[in-house]
Amino acid sequence: MRTDEDLDAMFSLFKRVTLQLVGYSLGSLGWILSCITTRHAEWRLWLVNNTTIFSSGIAHVGIWKICFPPNLKIAGDYGIVCCHEFNFNENFFPVEMFLAQILLLIATFLGGLGIFFTFLSPWHFYMGTIRKTQAICLFLAGGILYIIAGLCVLVPVSWNFYSVANNSSIPFPPSFHLPSGPVAQRIGIAIPMGISSGLMLLISGIFFLCIRSPVTSIRVNPMNPRS
């Protein structure tokens, strides 16, 4: 019969497998979402009135790109979407957009390292190339990297969410043919996507910090045959 020690070992194994699988899945998904958030143009949706170039419409403002209202006056009945790529730290950027550029690049790098470490640890441990303490250190390093990456995503995303809620303006240059402030603005899909990404990375990091040892095979006593 299986003893209490065997059942405890099986429960401990199940717990560690769950932490590793869920943590790795959340970390990977959170990192992918952070990459998408970084390049997404829909951080802020600006409702603008008629300008000399555009009719009334919505401008999609991101941290690396802006897409102007798809109703260019010279295009007649055709909807043409014109986008412009931003450079790093444009001189008209508010602080929160410049900070978002920096921190999300850092988050992308650290999140990628976290995925590498948390995958490297069990792989090398199962292959017998590293010891248990080294595997645990890799898990801890990966967990810390996930947490830092999550904070690097949440801080700028939350700040930009606050700016949208307060209808903050951006002093675009005259060549953009946009007003410094919109009639109204609302958050785009990149904001909730970034919040989800940051939370996933944080939870993943906490999971890996809770792992005290990598998954190993356990030996379970076979059931005694009936006499």
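Cut-offs applied
- Residues numbered from 1 in each chain as written.
- Predicted model: local features only at pLDDT ≥ 70, side-chain atom pairs only at ≥ 80, totals over all residues.
- Heavy atoms only, no water.
- Helix = DSSP H or I, 4+ residues; strand = E, 2+ residues; numbered from the N terminus.
- Buried < 20%, exposed > 50% of the residue type's maximum accessible area, 1.4 Å probe, protein only.
- Contact = heavy atoms within 4.5 Å.
- Patch = residues over 30% accessible without salt bridge, like charges linked within 9 Å, V, L, I, M, F, W, Y side chains within 5 Å.
- Areas by Shrake-Rupley, 256 points an atom, 1.4 Å probe, with all protein chains shown as cover.
- Salt bridge = Lys/Arg side-chain N within 4 Å of Asp/Glu carboxyl O.
- Pairing = 2+ DSSP bridges.
- Axes fitted to C-alpha atoms, helices over the stretch in contact; angles between N-to-C directions.
- pLDDT = per-residue confidence, 0-100.

As a further point, take the side chain of Thr37. When you line up the elements, Thr37 lands in helix α1 (residues 4-39). Given the relative accessible area of 0%, Thr37 is considered buried. Every residue in contact with Thr37, bar those within four places of it in the chain, is listed here: Trp43, Ala190, Met193 and Gly194.

Turning our eyes to something else, we now look at a nonpolar patch on the surface. On the surface, Val95, Trp159 and Tyr162 cluster together into a nonpolar patch covering about 330 Å² of accessible area. By secondary structure assignment, the location of Val95 is in helix α2 (residues 95-127).

Here we take up the pattern of salt bridges. A complete count under the given rule lists 2 salt bridges for this structure. One salt bridge in this structure joins Glu85 and Arg39, with 3.1 Å as the shortest N-O distance. Of this pair, Glu85 sits in strand β4 (residues 83-85) while Arg39 sits in helix α1, and the two are 46 residues apart along the sequence. The exposure class assigned to Arg39 is partly exposed, which follows from its relative accessible area of 45%. Salt-bridge contacts for Arg44 lead to Glu96; the nearest nitrogen and oxygen are separated by 3.0 Å.

Attention now goes to the sheet that holds β4. Sheet strands pair by backbone hydrogen bonding; their relative direction is either parallel or antiparallel. Taken in spatial order, the 5 strands of this open sheet run β4-β3-β2-β1-β5, and their pairing is antiparallel. Looking at strand neighbours, the two that pair on one side only are β4 and β5 (184-187), the edges of this open sheet. Neighbouring strand axes in the sheet, compared pairwise and without regard to direction, differ in orientation by 20 degrees on average. With 3 bridges joining them, strand β3 (residues 65-67) and β4 adopt antiparallel strand pairing. Residue pairing for β4: Cys67 is matched across the bridge by Cys83. The sheet strands contacting helix α3 (residues 132-165) are β1 (44-48) and β5, and the helix crosses β5 at an angle near 150 degrees.

Per-residue confidence for the protein gives a mean pLDDT of 81, with 74% of residues at or over 70. When pLDDT is averaged over each element of the protein, helix α4 (residues 190-209) comes out on top at 95 and α1 at the bottom at 79. Overall, residues 216-227 carries pLDDT values under 50, and its contacts beyond four positions in sequence, including any with other chains, amount to 16 contacts.

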